[in-house]
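If you want the building blocks of each chain, they are given just below.
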Amino acid sequence: MNMPSRWNPVLLTALGPIIWGSTYIITSELLPPGLPFTAALIRCLPAGILLVLASRFLPPPRMWPRLLLLSILNISFFQSMLFVAAYRLPGGLAAVLGALQPLVVMMLAWLLDQRRPPSLALGASVLAVAGMALLLLSPGSRWDLTGVLAALAGTLSMACGTFLSQRWRASAPVLPFTGWQLLLGGLVLAPVSWLVDPPLPALTQVQVLAHGYLCLFGAVLAYTLWFRGVMTLKPEAAASLGLLSPLTAVVLGWVILGQAAGGLALLGLITVLACVLAVQWSLR
């Protein structure tokens, strides 16, 4: 296999987290405020219905418990916490906590599968957290305890979901594997959004388009690419690509919202990008 074809799965998988990185700015600037669970529901449930209808695949009975657990970890809980953090934190601050995901996946693989990560991958993942932490030194960073806890909980949930998805990857093709998770995750979110969030107000045309983007690109496309990568790459390699999501959030905040970008923050971004490449190289 030549070098470009070896990196194709990595590049395609990377598109998923890059698309997710736009969630922060779209949520804070375009969506109705104070509706995190409703936003997660609108993003996931229609996407799951579309993919399930397109794939026409009914999982065997033995697969349902695993699918339900994965749908909670990867979809309903993760998306809920993602939107809570997006409403309460700037993308850069949420990124610091999201950078822990590769380390959590590596530790799970080490503890449960006795698969010790290469020293370069482990060291690069630790350095990536330090690179993200430099963003905290940028002017205007603000803390919100609920947002911080939500970002941390979402990171841990997605890390566990990524690890288990790779373990159970042979159970279904990628489209139904993705679609049923989104559908089940959306069904779990439905009663939570009805009980916790206020009623959804009448949406403007811009808000409808924003929800449509989050559903079609942020769920249908991004999750399909992500789970395709999880089935192809090692879980540690896929998890390290998740760092591109907060990086995208930070860059969009700088470019579109004019958020301050000091020299230390730029150094942090360069450090994290180098660490992502180092992890991919060491694991391949």
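Residues numbered from 1 in each chain as written. Predicted model: local features only at pLDDT ≥ 70, side-chain atom pairs only at ≥ 80, totals over all residues. Heavy atoms only, no water.

So what's going on with the packing of helix α2 (residues 23-30) against helix α4 (residues 64-88)? Residues and values would help.
One can describe the packing of α2 onto α4 by two numbers: an axis separation of 9 Å at closest approach and a directional angle of 60 degrees. In this view, α2 runs oblique relative to α4, as classed from their interaxial angle. Considering only the axes of α2 and α4, their crossing is right-handed. Listed contacts from α4 to Thr 23, Tyr 24, Thr 27 and Ser 28 of α2 are Leu 82, Phe 83, Ala 86 and Tyr 87. Across the contact of α2 with α4, the residue classes break down as five nonpolar, three polar and no charged. (Axes fitted to C-alpha atoms, helices over the stretch in contact; angles between N-to-C directions. Helix = DSSP H or I, 4+ residues; strand = E, 2+ residues; numbered from the N terminus. Parallel < 35°, antiparallel > 145°, perpendicular 65-115°, else oblique. Left-handed = near helix turned anticlockwise from the far one by under 90°. Contact = heavy atoms within 4.5 Å. Nonpolar A, V, L, I, M, F, W, Y, C, P; charged D, E, K, R; others polar.)

Summarise helix α7 (residues 119-133); cite the residues concerned and give the values.
Taking 1.5 Å of rise per residue, the 15 residues of α7 would be expected to cover 21 Å, and the 21 Å separating its terminal C-alpha atoms lies within 8% of that figure. Every buried residue of α7 is listed here: Ala 121, Leu 122, Ala 124, Ser 125, Ala 128, Val 129, Gly 131 and Met 132. (Expected span 1.5 Å × (residues − 1). Buried < 20%, exposed > 50% of the residue type's maximum accessible area, 1.4 Å probe, protein only.)

For the nonpolar core, give the residues involved together with the corresponding values.
Within the largest apolar cluster, 49 residues are counted, with the highest numbers of intra-cluster contacts made by Phe 177, Leu 182, Tyr 223 and Trp 226. It is helix α10 (residues 205-232) that provides the largest number of residues to this core, a total of eleven residues. If we skip the residues at most four places from it in the chain, Leu 182 touches Cys 44, Leu 45, Ala 47, Gly 48, Leu 51, Ile 75, Ala 219 and Tyr 223. Judged by nonpolar contacts, the second largest core, of 24 residues, contains Val 10, Ala 128, Val 250 and Val 276. (Core = buried A, V, L, I, M, F, W, Y, C linked by side-chain atoms within 4.5 Å.)

Describe the side chain of Ser 240, with residues and values.
When you line up the elements, Ser 240 lands in helix α11 (residues 235-241). Residue classification places Ser 240 among the buried positions, given a relative accessible area of 1%. What Ser 240 contacts, discounting residues up to four positions off in sequence, is Pro 102, Val 276, Val 279 and Gln 280.

So what's going on with the environment of Phe 83? Which residues, and what values?
Inspection of the secondary structure puts Phe 83 in helix α4. Along the primary structure Phe 83 and Ala 150 are separated by 67 residues, whereas in three dimensions their C-alpha atoms are 8.7 Å apart. Apart from the residues lying within four places of it in its own chain, the contact partners of Phe 83 are Thr 23, Thr 27, Leu 31, Pro 36, Ala 39, Ala 40, Arg 43 and Leu 214.

Explain helix α3 (residues 36-55) to me, using residue names and the numbers behind them.
Between the first and last C-alpha of α3 there are 29 Å, a value that for 20 residues agrees with the 28 Å anticipated at 1.5 Å per step. One or two steps after α3, the chain reaches Arg 56, where phi turns positive at roughly 50 degrees.

Before we move on, can you summarise the packing of aromatic side chains with the specific residues and values?
Under the counting rule described, the total for this entry stands at seven aromatic pairs. A centroid spacing of 5.4 Å and a plane angle of 85 degrees characterise the contact between Phe 177 and Phe 227, whose relative ring orientation is edge-to-face. Highlighted residues: Phe 177 in helix α9 (residues 174-196) and Phe 227 in helix α10, separated in sequence by 50 residues. Taking the relative accessible area as the measure of exposure, Phe 177 reaches 2% and is therefore buried. (Phe/Tyr/Trp six-rings, centres within 6.5 Å; stacked < 30°, edge-to-face > 60°.)

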